[in-house]
Amino acid sequence: MKFWDKTAFELHKLLVNREISAVELLSSVLERVNEKEGDVHAYLCLMEESAKKQAEEADLRFRKKERITALTGIPTAVKDNICVQEYPTTCASKILEEFSSPYHATAVEKLLDSGAVLIGKTNMDEFAMGSSCENSAYGPTRNPWNLSCVPGGSSGGSAACVASGEAVSALGSDTGGSIRQPASFCGVVGLKPTYGLVSRYGLVAFASSLDQIGALAKSSFDCGKILECIGGYDPKDSTSAQIQISDLENHDDFYDCPEDKIKNKIIGIPEEFMREGLDPEIKSAVLQCALTLEALGARIEEIHLPSLKFALSSYYLTASAEASSNLARYDGVRYGLRISKDQSGKMFKATRSQGFGKEVKRRILLGTYALSSGYYEALYLKAQKVRQLVKQDFDKAFQKYSLLLTPTCPTPAFKIGEKVSDPLAMYLSDIYTIPVNLAGIPGLSVPVGFSSSGLPLGVQLIAPQFHDFTLLSVGSILEKPSQPVP
Ligand code: GLN
């Protein structure tokens, strides 16, 4: 029987009523993996054996009616930069090919506590650097809606496996758009939580001041249930926010009558996001959403965020600078790959030259340059000042507006190979998502329909810090139930 096309919420009801078992659900999803994986290549590794045990344990919880949560028995995938103990964590890089995690990431630990079934580790751009999943050292993932197109990135494997029914939901990470952009390319919901709300312990660092673990699922409600599970203070992460998920605005009833909550809210559409370069079908999808919200009693206004034009430059300097420092640890001594036994600089050089891909090397070079004496003030420091300006623009906007509505990406999914030789064109696909990471606020991408060529379209909602559940509540109004890929 097929269950893979249902949301976690629908499956939860079937599981609780014992209409299906977690073991049956897992087999249905694994059958779908067999059917689709040859085309899609969403996974770098499957965790079938442990998943089967977890599904049996979940069934035991249902039988005993003990410790049942919304995620118990739900097949969930994990991006391959998030540690699952005793399984490989490669970050889709050759340099970590042989590396297995000695511990669970906090988010993974919490999923397991809630009884989720972890099905596999998903493909991604190497070290989460990229927007198309083509920077994986293990070959690209394909968009399940059109196999000649990219699924987006860097969490392309997580988005593709949810869209194709190879998992019910997934964890991803978002440094500049890596959850929201692939979610919009694949027609699923993607949540980048407020910075600090989900522990980064066990997430391999790319740019620590921007990275955030979040959820990809078939509905805003499902994303909310994942956030409830993985969020909250963690002493193992020094940047973790001292806040309980249950204290967040709109948390208790984020799924009850969302339509009522939108009345009299003022929602801004930043004019800077709607200019040329934006695909006309995406633009009209955003305007259509504005009409839907207006019909429910919201007031929609055009607003200006003048510093947004600097966001991309600030991001690529900041993220690359942090990456150059974070990736210094891959030297052949401590982790994964080691080329040559020579215990001198030659071994470092050979290991790093052969272990890292082209884009990762480009970022390390850019970041090292931006941090070097003589350029530090002109580049890195300037990027930090600009980051503050971007944050101030949002702070000011949120004094009046409850939410912002924008496109998630300038275009629908592009063709595989179309942008690989033009890094700047690739960087531009995150132009609408990056400012959110710079400001540390939450962003949500929801699927709202399809382009004339049959590709999914997404819109983005942005809220002030810790208003993650407000986003999910409004997202649930706008989302068009994600159709299953044939
Ligand atoms: N595409 C952006 C980059 O390449 C964002 C990546 C991400 O969010 N991890 O840096």
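Residues numbered from 1 in each chain as written. Predicted model: local features only at pLDDT ≥ 70, side-chain atom pairs only at ≥ 80, totals over all residues. Heavy atoms only, no water.

Some remarks on the overall build of the chain
Along the chain, the regular secondary structure elements total 16 helices and 11 strands. Relative to its length of 486 residues, the chain is compact, with a C-alpha radius of gyration of 21 Å against a globular reference of 23 Å. Overall size of the chain, expressed as C-alpha extent along the three principal axes, is 60 × 50 × 45 Å. The burial tally for the chain puts 62% of its 486 residues in the buried class. The contacts in the chain between residues at least 6 apart in sequence include a share of 76% that link residues at least 24 apart. When the accessible surface of the chain is summed, it comes to about 18,600 Å², and 52% of that surface belongs to carbon and sulfur atoms. For the chain, the centre of its 51 positive side-chain charges and the centre of its 57 negative side-chain charges are spaced 4 Å apart. (Helix = DSSP H or I, 4+ residues; strand = E, 2+ residues; numbered from the N terminus. Rg over C-alpha atoms; globule rule 2.2 N^0.38 Å. Buried < 20%, exposed > 50% of the residue type's maximum accessible area, 1.4 Å probe, protein only. Contact = heavy atoms within 4.5 Å. Areas by Shrake-Rupley, 256 points an atom, 1.4 Å probe, with all protein chains shown as cover. Lys, Arg positive; Asp, Glu negative; His and termini not counted. Charge placed at Lys NZ, Arg CZ, Asp CG, Glu CD.)

Brief notes about the site of the ligand
Around the ligand lies a shell of 15 residues, among which G176, S178, Y315, R363 and D430 are the nearest. Within the backbone of T175, one N or O atom sits 2.8 Å away from an oxygen atom of the ligand. The separation between an oxygen atom of the ligand and a polar side-chain atom of Y315 is 2.6 Å. Surface burial for the ligand is 100%, taken as the share of its 290 Å² of free accessible area covered by protein chains. Each residue belonging to the shell around the ligand can be placed in one class, and the counts come to five nonpolar, seven polar and three charged. (Near = heavy atom within 4 Å. Polar contact = N/O pair within 3.5 Å; in protein donor to acceptor, adjacent residues only side chain to side chain. Nonpolar A, V, L, I, M, F, W, Y, C, P; charged D, E, K, R; others polar.)

Here we look at the pattern of salt bridges
Applying the stated criterion to the full structure yields 16 salt bridges. The closest approach of N and O atoms between R299 and E301, which form a salt bridge, is 3.0 Å. Residue K400 is joined to E301 by a salt bridge in which the shortest nitrogen-to-oxygen separation is 2.9 Å. In this pair, K400 sits in helix α13 (residues 376-400) while E301 sits in strand β8 (residues 299-303), placing the two residues 99 residues apart along the sequence. The class for K400 is partly exposed, based on a relative accessible area of 43%. When salt bridges that share partners are traced, they join R299, E301 and K400 into one network. (Salt bridge = Lys/Arg side-chain N within 4 Å of Asp/Glu carboxyl O.)

Brief notes about the pairing of β8
With five bridges joining them, strand β7 (residues 266-270) and β8 adopt parallel strand pairing. Paired with G268 across the strands is E301, a residue of β8. Handedness of the β-α-β unit built from β7, helix α9 (residues 280-295) and β8 comes out right-handed. (Pairing = 2+ DSSP bridges. Right-handed = clockwise from strand over helix to strand, strands pointing away.)

Focus on the pairing of strand β2 (residues 75-79)
Along β2, five of the five residues are buried, which leaves the element largely enclosed by surrounding structure. In this region the chain leaves β2, passes through helix α4 (residues 106-113) and returns to the parallel neighbour strand β3 (residues 117-122); the handedness of that crossover is right-handed. Bridge count for β2 against strand β4 (residues 169-173) is three bridges, and the pairing is parallel. Opposite V78, over in β4, you have L171 as the bridge partner.

Thoughts on the sheet that holds strand β6 (residues 213-217)
Strand order in this open sheet of 11 strands is β1-β3-β2-β4-β6-β5-β10-β11-β9-β7-β8, and the pairing throughout is mixed. At either margin of the open sheet sits one strand with a lone partner, and together these are β1 (43-46) and β8. In this sheet, adjacent strand axes meet at a mean angle of 25° when their direction is disregarded. As defined by bridge partners, strand β5 (residues 189-192) adjoins β6 across three bridges and the pair is classed as antiparallel. Bridge pairing links V189 to A217 in β6. Along the sheet face, helix α2 (residues 22-40) touches β1, β2 and β3 and points at about 20° away from the line of β3. In this fold helix α3 (residues 48-64) packs onto β1 and β3, with an angle of close to 155° to the strand it touches most, β3. (Axes fitted to C-alpha atoms, helices over the stretch in contact; angles between N-to-C directions.)

So, the packing of α2 against α3
The geometry of α2 relative to α3 is characterised by a closest axis approach of 8 Å and an angle of 150° between their N-to-C directions. As far as their axial angle goes, α3 and α2 are roughly antiparallel. Residues A22, V23, L26 and L30 of α2 lie in contact with α3, whose contacting residues are E48, A51, K52, A55, E56, A58 and D59. (Parallel < 35°, antiparallel > 145°, perpendicular 65-115°, else oblique.)

A few points about the packing of helix α12 (residues 358-371) against α13
The geometry of α12 relative to α13 is characterised by a closest axis approach of 7 Å and an angle of 105° between their N-to-C directions. The angle between α12 and α13 falls in the class roughly perpendicular. Packed against α12, whose contacting residues are Y369, A370 and L371, the element α13 presents Y376, L379 and Y380 at the interface.

Any link to function would need more than the numbers given here.
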